Amino acid sequence: MFFDGYHYHGTTFEQSYRCYPASFIDKPQLESGDKIIMPPSALDRLASLHIDYPMLFELRNAGIERVTHCGVLEFIAEEGMIYMPYWMMQNLLLQEGDIVRVRNVTLPKGTYVKLQPHTTDFLDISNPKAILETALRNYSCLTSGDSIMVPYNNKKYFIDIVETKPANAISIIETDCEVDFAPPLDYKEPERPTAPAAAKGPAKAEEVVDEPEPKFNPFTGSGRRLDGRPLAYEPAPASSSKDKQPVVANGNGQSSVASSSEKATRAQGKLVFGANANRAPKEAAPKVGAAKETKKEEQEKNDEPKFQAFSGKKYSLRG
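These figures come from a predicted structure and were not determined experimentally. (Residues numbered from 1 in each chain as written. Predicted model: local features only at pLDDT ≥ 70, side-chain atom pairs only at ≥ 80, totals over all residues. Heavy atoms only, no water.)

Caption draft 1: Expanded view of the overall build of the protein. For the protein, the helix and strand inventory stands at six helices and 16 strands. A burial count over the protein gives 30% of its 319 residues as buried. Sequence-distant contacts, at least 24 apart, represent 73% of the contacts inside the protein between residues at least 6 apart. In the structure as shown, the protein presents an accessible area of about 22,800 Å², 52% of it carried by carbon and sulfur atoms. (Helix = DSSP H or I, 4+ residues; strand = E, 2+ residues; numbered from the N terminus. Buried < 20%, exposed > 50% of the residue type's maximum accessible area, 1.4 Å probe, protein only. Contact = heavy atoms within 4.5 Å. Areas by Shrake-Rupley, 256 points an atom, 1.4 Å probe, with all protein chains shown as cover.)

Structure below.
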């Protein structure tokens, strides 16, 4: 049955009003809760219906289908108007004078609610749990997705209703409700301190280092004499890449390779091929014919009788 703008469906009250913020009337306490002020005619209609107490209402912005829930504080507003907290108008995206649909509802008692502060300043309060319990006494219900305002010490703290159980909208009047907190919206995890350079040393030492492939080492073969005789010394072993020293150019434009093994051989008075970096250049090598004559001279010298001690004639001191 329709009467004077009100719709009656059994025990349902539904009416459209123009909304205005609480600053239009001298009711500053309206901003610290979720209650609205309705006209006296609404009380008359509600009294004639068999509705559940406390009175709870659904507020709907039909243009964008935004919904929240609230209680009622007084019935002293002008006809066709309601006054509501400004933060509630922000949740519904309403401007002054916009139309809002009001309908009475029955909500289950809440058992769980998850809250998320907008800023970490709320956690800096000495006892945020006590402040929150005191602030929620001015609230009749909570709706998932809403942002409520908690005033404290001349400052406003906004808190999101992330989750509610057992329904998306719950009554918090005379009920034990478990409260959980999510990290604030502006919370940032502290950066992990970087390990000092000294600590990184052992870790690097444990890493397996791939050994380089063996490279070509010059002058590592065996030597032979031009006269065919065996060598009077053993050739120095090939030096590894670790013992290898840089090649140094001598005055004649030639290169010499000095390794630790060659230095040790040089210290013993032996000559090693290619170890002439710090010595004067050798004389020109003899020709093939001269080499043969030299070989003959060496054989003749070897054939000559060697010096033998006490092999001379005997003499007597007496003559």
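Caption draft 2: Structural view of the sheet that holds strand E11 (residues 147-152). Pairing within the open sheet is mixed, and its four strands lie in the order E11-E12-E9-E14. Across the chains shown, the open sheet's two edge strands, defined by having one partner strand only, are E11 and strand E14 (178-181). Across this sheet, the average inter-strand angle for adjacent strands is 35 degrees, counted without regard to direction. (Pairing = 2+ DSSP bridges. Axes fitted to C-alpha atoms, helices over the stretch in contact; angles between N-to-C directions.)

Caption draft 3: Quick peek at unusual backbone geometry. The step from lysine 165 to proline 166 runs through a cis peptide bond, and the omega angle for that step is 15 degrees. For proline 166, the location among the structural elements is in the loop between strand E12 (155-165) and strand E13 (169-171). Even without glycine at this site, glutamate 65 takes up a positive phi of about 60 degrees. In this fold, glutamate 65 is placed in the loop between strand E5 (56-61) and strand E6 (66-74). By relative accessible area, glutamate 65 is classed as exposed at 51%. In this structure, glutamate 174 is a non-glycine residue whose phi angle is positive, near 50 degrees.

Caption draft 4: Highlighting the layout of surface pockets. When its volume is computed, the second largest pocket comes out at roughly 320 Å³. In terms of lining residues, the second largest pocket is bounded by Val113, Lys129, Leu132, Glu133, Leu136, Arg137, Leu142, Ile172, Thr175, Cys177, Val179 and Phe181. Counting only elements with at least two residues in the lining of the second largest pocket, the list comes to helix H3 (128-136) and E14. Tallied by class, residues from the lining of the second largest pocket come to eight nonpolar, one polar and three charged. (1 Å grid on protein atoms, 1.4 Å probe; cavity = no way out; pocket = protein on both sides within 12 Å on 5 of 7 lines; lining within 4 Å. Points joined across faces, edges and corners; volume = space filled by probe spheres on them. Nonpolar A, V, L, I, M, F, W, Y, C, P; charged D, E, K, R; others polar.)

Caption draft 5: Quick peek at empty space enclosed by the protein. Going through the model one piece at a time under the given rule, you end up with one cavity of 30 Å³ or more. The computed volume of the largest cavity comes to approximately 50 Å³. As for the largest cavity, its lining consists of Asp34, Thr68, His69, Trp87, Met88, Tyr139, Cys141, Leu142, Thr143, Asp146, Ile148 and Ile161. Residues of the lining of the largest cavity, tallied by class, amount to seven nonpolar, three polar and two charged. Here the lining of the largest cavity gathers at least three residues from each of two domains, domain 1 (12-102) and domain 2 (110-179). (Domains from an automatic or database assignment.)

Caption draft 6: Main features of the side chain of glutamine 116. In this structure, glutamine 116 sits in strand E9 (residues 112-117). A polar side-chain atom of glutamine 116 sits 2.9 Å from the main-chain carbonyl oxygen of proline 183. Other than its neighbours up to four places away in sequence, glutamine 116 contacts Phe158, Ile159, Asp160, Val162, Ala182, Pro183, Pro184 and Leu185. (Polar contact = N/O pair within 3.5 Å; in protein donor to acceptor, adjacent residues only side chain to side chain.)

Caption draft 7: A look at the nonpolar core. With 42 residues, the main nonpolar core has Met38, Phe57, Leu59, Ile82, Met84 and Leu142 as its most contacted residues. It is H3 that contributes the most residues to this core, four residues altogether. Residues from two domains meet in this core; each of domain 1 (12-102) and domain 2 (110-179) gives at least three. Residue contacts for methionine 38: discarding those within four places in its chain leaves Phe13, Tyr17, Phe57, Val72, Glu74, Phe75, Ile76, Ala77, Ile82 and Val102. Tyr20, Ala22, Ala77 and Tyr83 belong to the second largest nonpolar core, which has seven residues in total. (Core = buried A, V, L, I, M, F, W, Y, C linked by side-chain atoms within 4.5 Å.)

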